[in-house]
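Structure assessment
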Amino acid sequence: MLLDQQPVLGSSIAFAVRCDGLTKSFGEAETKVQVLRGIDLGVRFGEMTLLVGPSGCGKTTLISVIAGLLNPSDGDVQILGESLAGMRTWRKTQFRSKNIGFVFQQYNLLPALTSAENAAVPLIIAGQPRHHAVAKATEVLRSVGMGDKVNSLPSQLSGGQQQRVAIARALVHEPRLLVCDEPTAALDAKSGQTVMELLKAVACRPDRAVIVVTHDSRVFHFGDRIVGMSDGRIESIEEPKRSES
Ligand SMILES: Nc1ncnc2c1ncn2[C@@H]1O[C@H](COP(=O)(O)OP(=O)(O)O)[C@@H](O)[C@H]1O
Ligand SMILES: [Mg+2]
């Protein structure tokens, strides 16, 4: 039994994310590749859930479906109690831009923009006046320890600093779900630790949830739950801190 139904205090929604019978394939007939083979998963509020497994097992595909960037072939995803399957495209885009933040392995910052401008992009896209967006982005950059780099270009920053700008960009609209795809893979050990500490500090609140895809065993101890994937299926769920207590 992978799902338990323990509700969050003060919330009628049991899980930040719930996947039921998710499958995903690419292509047709003889070129068809079955990537997700029936995923049932509940992601709890207030926790950091790590998704681990060998390269090619479907981790990026799963979080792309969870984040509404890819449609599943079958099954459903509920985010914050709302089913993505039933949403029209415009509504899904709106829902995503309000509720979900995404951090990529390779930062994906725009090279001609400063840290503050990069972190402000989601707010500007959502229609906020530029000066408001940049002011809010500056505040979030301070919270991730980048207050002295708001006017720097990505080329003037280290990898770890660029990833912190990318985290600020993912958090600037205060999403309740943060999804990170191998956020420490391109970083040295120390920067990787800093990034994970930040994710834990800024994103793990009682009404929020964080999913981190990683195969970096140096950061496994940050996970409240460690979900092991193999060949498109969930093979194991560990809760290291619960089993300690
Ligand atoms: N758009 C696509 N078209 C065809 N195959 C894909 C596509 N995206 C991913 N795949 C395949 O799905 C499998 C899982 O990929 P992915 O989710 O990126 O794995 P992981 O993130 O665990 O390394 C791989 O075999 C990959 O080649
Ligand atoms: Mg991947």
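Refer to the structure above for everything that follows.
Position labels on residues start from 1 in each chain and follow its written sequence. Written order determines the labels here, with chains lettered from A and ligands numbered from 1. Where totals are concerned, whole chains, interfaces and linings use all residues; where local detail is concerned, this predicted model gives features only for residues with pLDDT of at least 70, and gives and counts side-chain atom pairs only at 80 or more. Where side-chain values are given, they derive from all heavy atoms of the structure, hydrogens and water being excluded.

A word on the nonpolar core
Formed by 40 residues in total, the largest nonpolar core has its most connected members in Met-48, Leu-141, Leu-178, Met-196, Leu-199 and Val-212. Under the DSSP-based scheme used, a helix requires at least four consecutive residues in state H or I and a strand at least two consecutive residues in state E, with every element numbered from the N terminus. Among the elements of the structure, strand 3 (48-52), helix 3 (115-125), helix 4 (130-143), helix 5 (159-171), strand 7 (177-181), helix 6 (189-203) and strand 8 (209-213) are those that each provide at least two residues to this core. Counting residues per element, this core draws most heavily on helix 5, which supplies six residues. Contacts: residue pairs with any heavy atoms within 4.5 Å of one another. Not counting residues up to four positions away in its chain, the partners in contact with Met-196 are Met-48, Leu-50, Thr-184, Val-212, Val-219 and Phe-222. Residues grouped as a nonpolar core are buried Ala, Val, Leu, Ile, Met, Phe, Trp, Tyr and Cys residues, joined through side-chain atoms within 4.5 Å. Remark: exposure states derive from per-residue accessible area (1.4 Å probe, protein chains only) relative to the maximum for the residue type, with buried under 20%, exposed over 50%, and partly exposed in between.

Quick word on the pattern of salt bridges
Note on definitions: salt bridges are taken to be side-chain nitrogens of Lys or Arg within 4 Å of carboxyl oxygens of Asp or Glu. In total, this model carries 11 salt bridges according to the counting rule given. Across the pair Glu-82 and Arg-91 runs a salt bridge whose closest N-O atoms are separated by 3.0 Å. Overall, the relative accessible area of 32% leaves Glu-82 in the partly exposed class. The network of salt bridges with shared partners includes Arg-44, Glu-47, Arg-225 and Glu-239.

Details of the site of ligand 1
The local shell around ligand 1 consists of Phe-26, Val-35, Pro-54, Ser-55, Gly-56, Cys-57, Gly-58, Lys-59, Thr-60 and Thr-61. Within 3.5 Å is the distance limit for a polar contact, defined as a pair of N or O atoms, with the added protein rule that one can donate a hydrogen and the other accept it, and that residues adjacent in sequence qualify only through two side-chain atoms. Between an oxygen atom of ligand 1 and a main-chain N or O atom of Gly-56, the distance comes to 2.7 Å. For ligand 1, an oxygen atom lies 2.6 Å from a polar atom in the side chain of Thr-61. To be clear on the numbers: accessible area is Shrake-Rupley with a 1.4 Å probe, and residue cover counts the displayed protein chains and nothing else. Here ligand 1, which alone exposes 560 Å², has 57% of that area covered by the protein. The biggest single contributor to the shell around ligand 1 is helix 1 (residues 59-66), with three residues. Proximity is defined per residue: any heavy atom of the residue falling within 4 Å of a molecule or strand makes that residue near it.

A word on the sheet that holds strand 6 (residues 100-103)
For two strands to be treated as a pair, DSSP must find no fewer than two bridges joining them. Read across the sheet, six strands follow the order 6-7-8-3-9-10 without closing on themselves; strand pairing throughout is mixed. The open sheet has two free edges, formed respectively by strand 6 and strand 10 (233-238), since each of these has just one partner strand. The average angle at which neighbouring strand axes cross in this sheet is 20°, direction not considered. To obtain each axis, a line is fitted to C-alpha atoms, and for helices this fit is confined to the stretch in contact; angles are then taken between N-to-C directions over 0 to 180 degrees. Helix 2 (residues 89-99) rests against strand 6 and strand 7 of the sheet, and its axis sits at about 70° to strand 6.

Thoughts on the layout of surface pockets
Points on a 1 Å grid over protein atoms alone make up a cavity when a 1.4 Å probe fits among them but cannot get out, and a pocket when they form an open set with protein on both sides within 12 Å along at least five of seven lines; lining residues each have an atom within 4 Å of a point. Grid points are joined across faces, edges and corners, and a volume is the space filled by probe spheres set on the points. The volume enclosed by the largest pocket comes to roughly 550 Å³. Along the walls of the largest pocket sit 19 residues, with Ser-97, Ile-100, Phe-102, Pro-122 and His-173 positioned nearest its centre. Breaking the lining of the largest pocket down by element, the ones donating at least two residues are helix 2, strand 6, helix 3 and helix 5. Ranked by the residues each element gives to the lining of the largest pocket, the list is headed by helix 3, at four residues. Residues were grouped as follows: Ala, Val, Leu, Ile, Met, Phe, Trp, Tyr, Cys and Pro as nonpolar; Asp, Glu, Lys and Arg as charged; and all remaining residues, including Gly, as polar. Here the lining of the largest pocket is composed, by residue class, of 11 nonpolar, six polar and two charged.

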